[in-house]
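# Architecture and fold: a report
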Amino acid sequence: MDMFSFAPDLSETAILLCLDTFLQRPASRDGFGAGVVLGLEMQGEGQGQGERQAEDLFLAFASRAALDLFAVATLEALRDRFFRPADPALCRLVETLDRPGPCLTRMRFFVSGRSILLVLWCRFVDHDGRRLLVLVDAQTYRPRPLSVSGALPDSAGSLSDPAIEAQTENRDELAVIAADLASRFPAPRPLRFLWITDAERRLLTLGRQVSDVTGIDADAWQGQDFAALIATFDPEGAKALAAEFVRESTFQNVKLAWPIAGQPASVRVSLGGTARRDGAGRFAGFSGFGLVHKDQLFHRSLAEETAGSSPEPQSSPVQALETLNAEAQNRPPAPDGADSFTAIPGVGALHDTALASTSRLRDDGIVRRETAQRKALEARMHVYENEARELHAILDTATDGVAVLNGEGIILSLNRSGEALFGYDRGEVEGQPLAMLIAPESRDCAIDYFHGLKTGGVFSLLNDGREIFGLARQGGRIPLFMTLGRIGLFGTVDSGETLPASEKYCVLLRDMSHWKKIEQELDAARREAERANTAKSDFLAKISHEIRTPLNAILGFTEVIMDERFGPIGNERYKDYLKDIHMSGALVMSLVNDLLDLSKIEAGKLELDFAAVDTNQILTECIAIMQPQANRERILLRLSLAPALPPVLADERSLRQIILNLLSNAVKFTAPGGQVVVTTALAEGTRTLIRIRDTGSGMSEEDIGIAMQPFRQLPSAKSNIGTGLGLPLTKALVEANNASFSLTSRKNEGTVVEILFPSAKALA
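One structure accompanies this document, and this report is about it.

Pairing in this open sheet of five strands is antiparallel, and the strands run S8-S7-S11-S10-S9 from one edge to the other. Each edge of the sheet is formed by a strand with only one pairing partner; in this case those strands are strand S8 (203-206) and strand S9 (251-259). Across the sheet, the mean angle from the axis of one strand to that of its neighbour is 25°, orientation sign disregarded. Where strand S10 (residues 265-277) and strand S11 (residues 283-299) come together, 13 bridges link them in antiparallel fashion. Within S11, the residue paired with Val269 across the bridge is Val292. In the packing of helix H9 (residues 235-247) onto the sheet, contacts are made with strand S7 (191-197), S9, S10 and S11, and the angle to S9 comes to roughly 150°.

As C-alpha cells, this is what we get:
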C-alpha cells in the first residue's frame, strides 16, 4: 500500500524529498508513512511572502496514518471535511508562516464526536517551483540535527533553509513539554498542593501534584531537610526558603525553578506557608500550600540532574560537547561531503558518550516519573474502589429495586431490594431482558419508554416515569412506578485496543402496592361521599316538594282566618292560637329554605346573579326593615356610611340575606338599652368593608366554635326560637360572593362581624 495519498501532479518521490529537507531519515523509508504527515501548497498570487492567506492553501498530500486518524478514505474527503479554504484551522496556520525554520504549532480537531489535539512541526519547503507547507507529527518525527556551522547536511541540496538557532530549538522543546502538560492537566489554573515540615524543617508531606508534574519520588523526600533538597536544583530558591524558615513566621510567593525529570525544562513552583505551634505554643514546623505554574517553563540542561551527585565540579560529557561546539564556531567549514562534527578531533567519541549519558538520564527520569504516576494511580484506584463499594452498599440498602441495563435493555446487575421485590436471585436475571420482570400488559409501555429515552427525543426531556405492573417469580402482579435514566457512555480496553463505547441505563422500580391500596380506599371513600351527597340532595328535593307545599297552604289559610275575611272569630283565644300556628309554620318554612340554600352552596349549585351593588343602599334598606323589631326590643340602631363608596360585585339577594341575618342575631342577643352599629369603609384602598357591632352578651372562643356549626345553638341564648343555621349559612353566603367573613367577640362585651369585599374592578 502507498504511504501517501497525493494530488495528481505530485509524486511520492517528490514528497520524500520534501521531508528529507528537515526530518531525520527513519530506519526504513516506509517509516515516513507511520505518522501524521500533511502537505499544503500555496497557489495563485499568494506565494508571495507578504501576501499569504488561508484561502491560498490547498491540501496536496497526506500520509495514510493521517487519513486513518481523521477517519476518511481519500484525500478529497480529508480536504472537504477538515482543510477547506478559510477554515479556522488554516487561519491559525497562516499565523505561523513567517516564523524562521521549523516551528511547533498545536491544532485541535473534532472527529466522530471526540477531540484530537496534534502537536505538529511546520516548515515551508520550495521544490520544483512549488511552495509547500509541510506539517508532521512532533511525537513521531524529529527535525534533522544542525551541524556546528549551522547548515543542514549537503544532501539537502538546494532545498536547505537557514540554520535554526539554539534559542528557537529550546523554545520548540518547551512547546512540546507544555503541550504534554496541557493534555495531562487541562484545567487552566495552577495545580495547588499541600506541604508540611516538622520543627527541624524536615519534610513530612508533599502533595502528589508535584510528583505528577515533575516525576520526583515524594516518598523518598520524606524525613529530609526541605531546603537542602531544593538546593540540589535551585540554590537561589533554597536560600529564600531557608531565610523564611529562620523567621518562623508566615510567608508567601517563594519562587522555585523545579526540574521535570527526564526533560530539558524546569517548571515554576511558588510556596507559601505559616508556622505551626503545639499546645504549649512551641514551634512545631511549617505547613502551607504551593502552586505548580505548569504554563511557566524554563529551559535547562539535562546534565544538571547529575550535578548534585558529583563530589567535585567537573564537566559532564554534554557540557564538554557544548564547549567543543563553541570552539568549533571559529574553525573553517568542513570539506564538502564531510560531517562538521567529525572534523573536530575526538569529538565523535565524545558525542557518542554524551548521547549515551543523556539517554541514561532520560531513562532514569522516565522510570522515576512512571513510578510516581503508578503510585498516584494506585492511590486513586483505591479511592475509586472504596467509593464503588460504598455505592453498592447504598443501593443494596435502598428500598427500591435498582437495575443497570445496557443499550439493548439487557440486565447487567440488580440490587438486593430488586431481588426481594421480584423473588429472583441476581445471577438468575443478569443477562436477561428487562421484559422478564414486567407483566405482559405493561411491556409495550416499558419498551416505548426505554426507546424514547434512548433516542434522545422529547421523552428524554420530559422524563416523568411510568406506572406499570411487574411480574413476580411466583406469577403475581406487582404495581410499580418505573423511572429510567441514562448513566453514561462507557468503553473498555482489551489487548491495548479501545473497544467501542456502550451506553448504560439505570431503572428504578418502586413498589406501589401500599399506595395503590390507599388509593383504592380513598376512591371508595370518595364514592361513598358522593353517594351520601346524592342521597342528601334527593332528600332535600323531597322536603322541598313534600313539606313546602302543605306549609304554604297552612300559612295561607291561617292568614285568611286571622284577617276574618269570612266572618268574625267568636273567641279572642282562637286569634292567639292562630298567631302561634302562623309563627310556627313560618319557622318551619324558614328552616326548609335555609337547609336548601346551605345544601346548594355545599354542592356548588347555588345560582347567583353577580352585579355591581350599592352597599350603602342595601344597608339602609335592611336597617329600615329591622327598625320596628329593634324599637320593640328598645335597642338603638345606628348607621355610619362612608361617602362615595364604590360598588361591589355581588348577588344582591344573597347580600340582603346576609345583612338581615346578622342584624337579626345582633338584635336578638342584645339586651334592652343596648345598641347595634352598622358602618362601611374603604379598606386597603379599594376594598369595601362592612362592620356590624353590637353591645350584646358576647361569646367566648368556645362559644364561637359552637355557633359556627350547623344546627347548634348557644345555651345562653335569650330566645330558643331559631334554626341554628344563621351564622353557618351567612358565612357560606359571604364566601360564595367572593368575600371574607370575620367574627370576633368577648364575653359580656359584645360581638363584631366584618365582611370584606374585593372591588368590582379587581374581580373584573
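On to the packing of helix H20 (residues 652-668) against helix H22 (residues 726-736). Contact geometry of H20 with H22 gives a least axis separation of 10 Å together with a crossing angle of 150°. One element, H20, and the other, H22, form an angle in the roughly antiparallel class. In this structure, H20 meets H22 at a crossing whose hand is left-handed. Together, Ser654, Gln657, Ile658, Asn661, Leu662 and Asn665 of H20 and Gly726, Leu727, Leu729, Thr730, Leu733 and Val734 of H22 make up the contact between the two elements. Its residues assigned to classes, the contact of H20 with H22 comprises six nonpolar, six polar and no charged.

Here the focus is the environment of Ser742. Counting through the fold element by element, Ser742 comes out in strand S24 (residues 740-746). A C-alpha to C-alpha distance of 8.3 Å links Ser742 and Val752, two positions ten residues apart in sequence. Among residues more than four places away in sequence, those in contact with Ser742 are Val752, Val753 and Glu754.

So, how was this worked out
Residues numbered from 1 in each chain as written. Predicted model: local features only at pLDDT ≥ 70, side-chain atom pairs only at ≥ 80, totals over all residues. Heavy atoms only, no water. Pairing = 2+ DSSP bridges. Helix = DSSP H or I, 4+ residues; strand = E, 2+ residues; numbered from the N terminus. Axes fitted to C-alpha atoms, helices over the stretch in contact; angles between N-to-C directions. Contact = heavy atoms within 4.5 Å. Parallel < 35°, antiparallel > 145°, perpendicular 65-115°, else oblique. Left-handed = near helix turned anticlockwise from the far one by under 90°. Nonpolar A, V, L, I, M, F, W, Y, C, P; charged D, E, K, R; others polar.

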